[in-house]
Amino acid sequence: MAEPAGSPGLGAGESWAQGLPLRILVTGGAGFIGSAFVRLLLGLPDPPQVIVLDALTYAGNLANLAEVADHPRYRFMHGNICDPAAVEAAVAEVDCIVNFAAESHVDRSILDPGQFIQTDVFGTYVLLEAARRHGHGRFLQVSTDEVYGDVEAPRLSTEDDPLRPRSPYAASKAGGEMQCRAYHATYGVPVIVTRGSNTYGPYQYPEKIIPLFITNALEGRALPLYGRGTAVRDYLYVDDHARGIAMVLARGAIGAAYNIGQGDAPIDGQTVARSVVELTGSDPALVTHVKDRPGHDLRYALDTTRMRQMGWSPTRTLASGLEETVRWYQERRDWWEPIKSGAFWDFYRRNYRPLAGAGPVP
Ligand code: NAD
Ligand code: DAU
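Residues numbered from 1 in each chain as written. Chains lettered and ligands numbered in written order. Predicted model: local features only at pLDDT ≥ 70, side-chain atom pairs only at ≥ 80, totals over all residues. Heavy atoms only, no water.

(A) Quick peek at the overall build of the chain. Within the chain one finds twelve helices and 13 strands. In terms of overall dimensions, the chain has C-alpha extents of about 55 × 40 × 40 Å along its principal axes. Burial statistics for the chain: of 362 residues in total, 57% are counted as buried. Considering only intrachain contacts with a sequence separation of at least 6, the fraction spanning at least 24 residues in the chain is 81%. Just so you have it, the chain exposes about 14,300 Å², and 51% of that area is on carbon and sulfur atoms. Put simply, the chain has 34 plus and 41 minus side-chain charges, and the middle of one group is 3 Å from the middle of the other. (Helix = DSSP H or I, 4+ residues; strand = E, 2+ residues; numbered from the N terminus. Buried < 20%, exposed > 50% of the residue type's maximum accessible area, 1.4 Å probe, protein only. Contact = heavy atoms within 4.5 Å. Areas by Shrake-Rupley, 256 points an atom, 1.4 Å probe, with all protein chains shown as cover. Lys, Arg positive; Asp, Glu negative; His and termini not counted. Charge placed at Lys NZ, Arg CZ, Asp CG, Glu CD.)

Right, here's the structure in full:
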């Protein structure tokens with residue numbers, strides 16, 4: 001294990017950063033949460049070396065990393081985690097791996113499951129093989145609360161619960177986790193897993209409910225609510241998720257899993273839609289009920305005691321985080337308007353046209 005980074009100048013709230021490894025590989029660092037994690041690390045008083053390995057799929061965007069592009073401790077490597085040569089070149093230069101790289105959208109996994117298995121399972125295996133060869137200090141697998149499957153009220157999922165994934169995306173993430181578990185048990189690879197909840201905030205590709213609804217509302221388009229809009233999720237602000245992952249990297253126990261979630265009463269789709277309408281000053285008639293998502297998980301809810309015992313807690317409520325997020329999308333049309341073109345609408349047409357009422361699609 002490498003010497004920890006961090007400096008005596010750290011504030012009390014950042015003392016966890018002293019436990020961070022010195023050289024960190026962030027796969028998928030050009031995506032939504034990965035880029036927030038990179039910006040967090042490089043904003044620390046004495047930052048570690050950060051290498052980003054990212055294939056720049058439709059969801060990867062170097063604009064997410066523009067503010068750190070010239071940072072002396074940052075380097076970008078364009079490459080695929082399924083490519084052993086690209087992985088080897090990156091892994092040779094670091095002490096630990098944090099794997100954010102994934103296909104991450106449930107609706108796309110329902111349309112095309114194969115790419116999810118490729119990246120989320122096989123790609124994780126390629127990274128684990130490299131970690132095994134290099135004898136790294138830590139391998140942090142960024143996973144999701146979706147691996148627990150649908151959770152009946154009033155239960156909260158704890159880290160020891162069985163994994164019961166139900167969507168192709170969730171199954172691919174559970175498959176990645178299982179590889180991690182096997183590599184820990186069989187080869188002693190020092191794996192840690194985080195299971196985060198539904199994350200939202202700046203720089204999120206506008207396909208998940210919050211950024212899709214905000215940008216659709218700003219364009220005067222329909223907000224397509226699946227089924228009755230009663231499915232509930234635990235919504236977490238992206239910077240809180242990124243800080244939770246960094247704390248687990250610094251302080252987490254090898255072999256353990258950590259639920260990272262807001263931990264409040266879960267929020268349903270209708271509430272998300274209503275809040276977006278209010279915050280954007282849009283017409284409530286934009287909210288349209290469409291055919292439900294196949295296999296829709298109706299409830300995720302996390303027990304976050306383990307993270308809170310580590311000293312982590314969210315800094316935003318959903319109300320404050322959503323307000324900030326809406327403001328960001330209002331101010332950063334330069335970021336999202338170019339994304340909502342070409343290939344974005346190809347996906348949108350495939351996913352939403354069969355659902356009556358989703359409104360006109362360009
Ligand atoms: P994202 O889709 O915004 O970004 C994924 C990133 O991975 C992109 O930069 C993409 O280019 C890159 N990538 C994809 N395939 C790759 C490959 N084969 N090789 C290298 N890079 C590749 O995803 P996100 O929302 O930031 O999620 C990041 C991670 O967190 C994922 O593992 C996801 O499963 C997990 N997660 C997401 C959420 C959420 O609500 N968004 C919640 C919990 C966990
Ligand atoms: O729970 C963590 C997971 O959250 C992450 O692992 C995934 O990467 C992320 O995509 C997210 O998965 P969900 O399927 O929960 O997120 P999504 O934003 O797609 O959907 C949230 C809820 O909103 C869900 O009940 C479905 C509903 N929804 C979603 C979309 C895109 C709609 O009603 N209409 C929509 O158009």
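(B) Fine view of the side chain of Asn-259. With respect to the element layout, Asn-259 can be found in strand 11 (residues 257-260). The class for Asn-259 is buried, based on a relative accessible area of 0%. Among the polar contacts listed, one links the side chain of Asn-259 to the backbone oxygen of Asp-303, at a separation of 3.1 Å. When sequence neighbours within four positions are dropped, the list of residues in contact with Asn-259 reads Tyr-148, Ser-157, Thr-158, Glu-159, Arg-195, Leu-302, Asp-303, Thr-304 and Met-307. (Polar contact = N/O pair within 3.5 Å; in protein donor to acceptor, adjacent residues only side chain to side chain.)

(C) Focus on the site of ligand 2. The immediate surroundings of ligand 2 are formed by 26 residues, with Asp-145, Glu-146, Tyr-169, Asn-198 and Arg-233 found nearest. Between Glu-146 and ligand 2, the recorded distance is 2.6 Å, taken from a side-chain N or O atom to an oxygen atom. Pro-224 has a polar backbone atom sitting 2.7 Å from a nitrogen atom of ligand 2. Its free accessible area being 690 Å², ligand 2 has 94% of it covered by the protein chains. Contributions of two or more residues to the shell around ligand 2 are made by helix 3 (106-111), helix 6 (209-219) and strand 8 (223-226). Broken down by class, the residue content of the shell around ligand 2 amounts to twelve nonpolar, seven polar and seven charged. (Near = heavy atom within 4 Å. Nonpolar A, V, L, I, M, F, W, Y, C, P; charged D, E, K, R; others polar.)

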